[in-house]
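Structure assessment
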Amino acid sequence: AISPYALQFGRVLFEWNALHASLFRLFWALVGDGGKTPRDLSTSLWQITQSDDTQRRMLLTVAETRLHDRRNALRKLQWLMATVQAFAEYRNLAAHIPLEFERDETWSGVSVAIDGVRRNAAIKHLIIQVVDPTFWAMFAGDIYILSKYADGLATYITFPERVASPYKPRLRSLPAIQEATSRIRQMDSIGRRRPRRRAASKVKPPIR
């Protein structure tokens, strides 16, 4: 049988690739002047780097220049990019945490393997599962919603006179991400604390 983890992680990666295709369409709407400039130029600029993070930062930089006189569209795009950045951390978990098959006398199945995984990544996965066991399914759905929001925003930027500004979507997985992030920070702060050393007591010299 196919592991539920494999299905959920696979859907996260599928939706993430679709989201970045939508972000490119946003980039084209800005660089391509609403389609007046050939798509090839936008594609060539977008593919200068293979880093998702660099592509997103490039998109935000262009938007802050091109949308300086359209504050509503710029605020919506800035919110989108900040949200995608927060989601990227958990997308990376889905992409890089390995799965392994386990079998003994009482149980067999696929589970997350943490051997060889960075401590922070393993802790994040464990905590997010404790915060909400349905997280990965909701997370994939939210990425899909962000893709549609990005497409709506690209259309609004291109045809502001004909298309209404898209409403900011409600993301079901965001509270779990915020809760998990808060718990991780608390653990990190506790780990950084060191017991204070007692000040050495001053010994008076003997009286002669």
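Examining the overall build of the protein
- Scanning the protein from terminus to terminus reveals seven helices and two strands.
- Along the chain direction, N to C, the helices and strands of the protein fall in the order α-α-α-α-β-β-α-α-α.
- Taken over 208 residues, the protein has a buried fraction of 38%.
- The contacts of the protein with a sequence gap of at least 6 include a subset with a gap of at least 24, amounting to 69%.
- Summed over its atoms, the accessible surface of the protein is roughly 13,600 Å², and 53% of this surface lies on carbon and sulfur atoms.

Some words on the packing of aromatic side chains
- Inspection of the entire model under this criterion finds nine aromatic pairs.
- Ring plane angle 80° and centroid distance 5.5 Å describe the contact between Trp79 and Tyr149, whose orientation is recorded as edge-to-face. Of this pair, Trp79 sits in helix α4 (residues 71-96) while Tyr149 sits in helix α6 (residues 135-158); the two residues are 70 residues apart in sequence, bridging distant segments of the chain. Tyr149 matches Trp79 in its accessibility class, with the two residues each being buried.
- Here Trp136 and Phe139 contribute two aromatic rings whose centre-to-centre distance is 5.8 Å and whose plane-to-plane angle is 85°, an arrangement assigned as edge-to-face. Linking Trp136 with Phe139, this pair stays in helix α6, spanning three residues, or about one helical turn.

Some points on the packing of helix α3 (residues 52-66) against α4
- Between α3 and α4, the least distance of the axes is 10 Å, while the angle of their chain directions is 165°. In terms of their interaxial angle, α3 and α4 are classed as roughly antiparallel. Here α3 and α4 pass one another in a crossing that is left-handed. Contacts between α3 and α4 pair Asp53, Arg56, Leu59, Leu60, Ala63 and Glu64 from the former with Leu74, Leu77, Gln78, Met81, Val84, Gln85 and Ala88 from the latter.
- Grouping the amino acids of the contact of α3 with α4 by side-chain chemistry returns eight nonpolar, two polar and three charged.

Structural notes on the layout of surface pockets
- By volume, the largest pocket is sized at about 190 Å³.
- Taken together, eleven residues form the lining of the largest pocket, with Ala29, Asp33, Arg66, Arg70 and Ile157 sitting closest to its centre.
- Residues that form the lining of the largest pocket fall into these classes: five nonpolar, two polar and four charged.

Thoughts on the pattern of salt bridges
- Inspection of every chain in the model, using the stated rule, returns five salt bridges.
- Salt-bridge contacts for Glu15 lead to Arg11; the nearest nitrogen and oxygen are separated by 3.7 Å. Of the two residues, Glu15 and Arg11 are both situated in helix α1 (residues 4-31); the distance of four residues between them amounts to about one turn of the helix.
- Taking the relative accessible area as the measure of exposure, Arg11 reaches 37% and is therefore partly exposed.

The rules behind each value
Residues numbered from 1 in each chain as written. Predicted model: local features only at pLDDT ≥ 70, side-chain atom pairs only at ≥ 80, totals over all residues. Heavy atoms only, no water. Helix = DSSP H or I, 4+ residues; strand = E, 2+ residues; numbered from the N terminus. Buried < 20%, exposed > 50% of the residue type's maximum accessible area, 1.4 Å probe, protein only. Contact = heavy atoms within 4.5 Å. Areas by Shrake-Rupley, 256 points an atom, 1.4 Å probe, with all protein chains shown as cover. Phe/Tyr/Trp six-rings, centres within 6.5 Å; stacked < 30°, edge-to-face > 60°. Axes fitted to C-alpha atoms, helices over the stretch in contact; angles between N-to-C directions. Parallel < 35°, antiparallel > 145°, perpendicular 65-115°, else oblique. Left-handed = near helix turned anticlockwise from the far one by under 90°. Nonpolar A, V, L, I, M, F, W, Y, C, P; charged D, E, K, R; others polar. 1 Å grid on protein atoms, 1.4 Å probe; cavity = no way out; pocket = protein on both sides within 12 Å on 5 of 7 lines; lining within 4 Å. Points joined across faces, edges and corners; volume = space filled by probe spheres on them. Salt bridge = Lys/Arg side-chain N within 4 Å of Asp/Glu carboxyl O.

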